[in-house]
Amino acid sequence: MSDPVKVCVIGAGVSGLCMLGMLKKYQDQGRAVSITCYEKQDVILGLWNFTWRTGMDKTGEPVHASQYRDLFSNGPKEAIEFPDYTYEQHFGKAIPSFPPRSVLQDYLRGYFNHLGVGEKDVLLSHSVQSVTYCEKTKKFTVTALNLSNGNDKATAVSDVFDYCVVSIGHFSIPNVPEFPGLDSFPGRVMHSHDFRNAREFAGQRVLTVGNSYSGEDMMLQTKKFGAKGGTISYRSKSTGFNWPEGIDERPLVSKFDGNTAHFSDGSSGEYDAVILATGYLVHIPFMEWEYRLQCPTILNVPDLYRGVLWSPMSEGKKSADNRLFYIGMQDQWYTFTLFQLQAVWVAQAIKGIKEIPSVEDCHAEIALWTGTNPEVTSCPYKAIQSQTDYLLRLQADTGFEGQFDAHKQFFDWKKSKVDVAEYRNKAYPSPTTGTMAPVHSTPWMDLMDDGIDAYINAA
């Protein structure tokens, strides 16, 4: 019997743990594998951890997570339900459609326990510093810092692998624009990555730059917990939502003068705090440049066949002989189930269960789907349908069973957001069981307890 192929998984968030779980699921099929997973945090679940820290963590690494107090799901949980482990199965009953972070984190831990993976399978506090690929040996050399004993006692560890899976996500390195006069703004200025507690803005007028999901939720959160109100500044177009009294939308900020923000339509307003909800960068500094994914946050990513297999077309990039994979690097409507199906696809490829097409066929498909980006991103409903179709292609490729089509839940949710402070009071059916979620007994704007016990008991 030949030796197991060695697989490196970088990151133990939801996508990385899905990867570990699916390699375990197929352990009795195809070639044998030996897996090493590096995670720079001292806990698993990546972004789904709350920390009071901002900037740097206790080891001097950039803080990865951006969760905040009182964070509730901003999309229906039914649209991201694992078909092989439903919410009803985990909690023993149906629960409302927009749970808080603590409930979703508990569900995720339950799912990975169900798959038989957890902390025991991960080298925690190991920050990957470099990944290089040898074209001659077709192997990766991965070097990480073991930060278990703190930065001052960190030690470097290196190993050689046959396959590498990058699953670090792309919601941890802030995109921070510059605006004239912002350096002299007298109040609080932060990126949404550092937002931790809406209560600190009580009695203030808040300007949120960016009107996507973080921007709209942080504006609602600050209003919910006592802010006077404020403005959402948009780059391309307004949301068209019906906002609570005291909140308005204006086009992009052009400059600041003291605590006055001037907007591109000639209007102005005075504010006490500025939140830059301006998105994140795809940032993979440890990866050798020739093998590094470089792109904005977009729906169909370049250089990745089926959105996961490194098959570069960009100038200067090199092939890694179908041995390098990226998970979860797309702009996302679906999350948990997208990571799950991507991990199934990669696991089958690594274990030799799935045959990978020729380079020419891979490149033709990449060109086909990246070419649709302008059209499908012009309308959220087209984007949702496009990503739904993508998941169904992965499912068809792998034969993985389950109901993954949640476009109906997404469409209905999107329509309900016109009344943006009320959409979390709606209920949706599970794609897997058909069970309709109950409506929470307390409207979201009045719900001040984000604890798991209070939420589940009120269901």
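What you see is a predicted model, and the numbers here were worked out from it, not measured in a lab.

Caption draft 1: Seen up close, the packing of aromatic side chains. On inspection of all chains with the given rule, the structure shows 32 aromatic pairs. For the pair F241 and W243, a centre-to-centre distance of 5.9 Å together with 50 degrees between the ring planes defines the contact as tilted. Residues F241 and W243 agree in their burial class; the two are buried. Geometrically, the ring pair formed by W310 and Y326 is tilted, given 5.9 Å between the ring centres and 55 degrees between the ring planes. With W310 in strand β16 (residues 309-310) and Y326 in strand β17 (residues 324-326), this residue pair connects regions lying 16 residues apart in the sequence.

Caption draft 2: View of the pattern of salt bridges. The full count for this structure, using the stated rule, is 16 salt bridges. Of the charged contacts, one joins K120 and D121 as a salt bridge, the two residues approaching to 3.1 Å between their closest N and O atoms. Judged by relative accessible area, which is 63%, K120 ranks as exposed. A salt bridge links D412 to K408; the nearest nitrogen and oxygen atoms lie 2.7 Å apart. Of the two residues, D412 and K408 are both situated in helix α9 (residues 407-416); the distance of four residues between them amounts to about one turn of the helix. Salt bridges linked by common partners bring R306, E365 and D397 together as one network.

Caption draft 3: Just the environment of N197, in detail. By the secondary structure assignment, N197 is in the loop between β7 (188-191) and β8 (205-209). When its relative accessible area of 18% is taken as the criterion, N197 is described as buried. When the C-alpha positions of N197 and D397 are compared, they lie 43 Å apart, and in sequence the two are 200 residues distant. Separated by 3.0 Å, the side chain of N197 and the backbone nitrogen of R199 make a polar contact.

Rules behind the numbers
Residues numbered from 1 in each chain as written. Predicted model: local features only at pLDDT ≥ 70, side-chain atom pairs only at ≥ 80, totals over all residues. Heavy atoms only, no water. Phe/Tyr/Trp six-rings, centres within 6.5 Å; stacked < 30°, edge-to-face > 60°. Buried < 20%, exposed > 50% of the residue type's maximum accessible area, 1.4 Å probe, protein only. Helix = DSSP H or I, 4+ residues; strand = E, 2+ residues; numbered from the N terminus. Salt bridge = Lys/Arg side-chain N within 4 Å of Asp/Glu carboxyl O. Polar contact = N/O pair within 3.5 Å; in protein donor to acceptor, adjacent residues only side chain to side chain.

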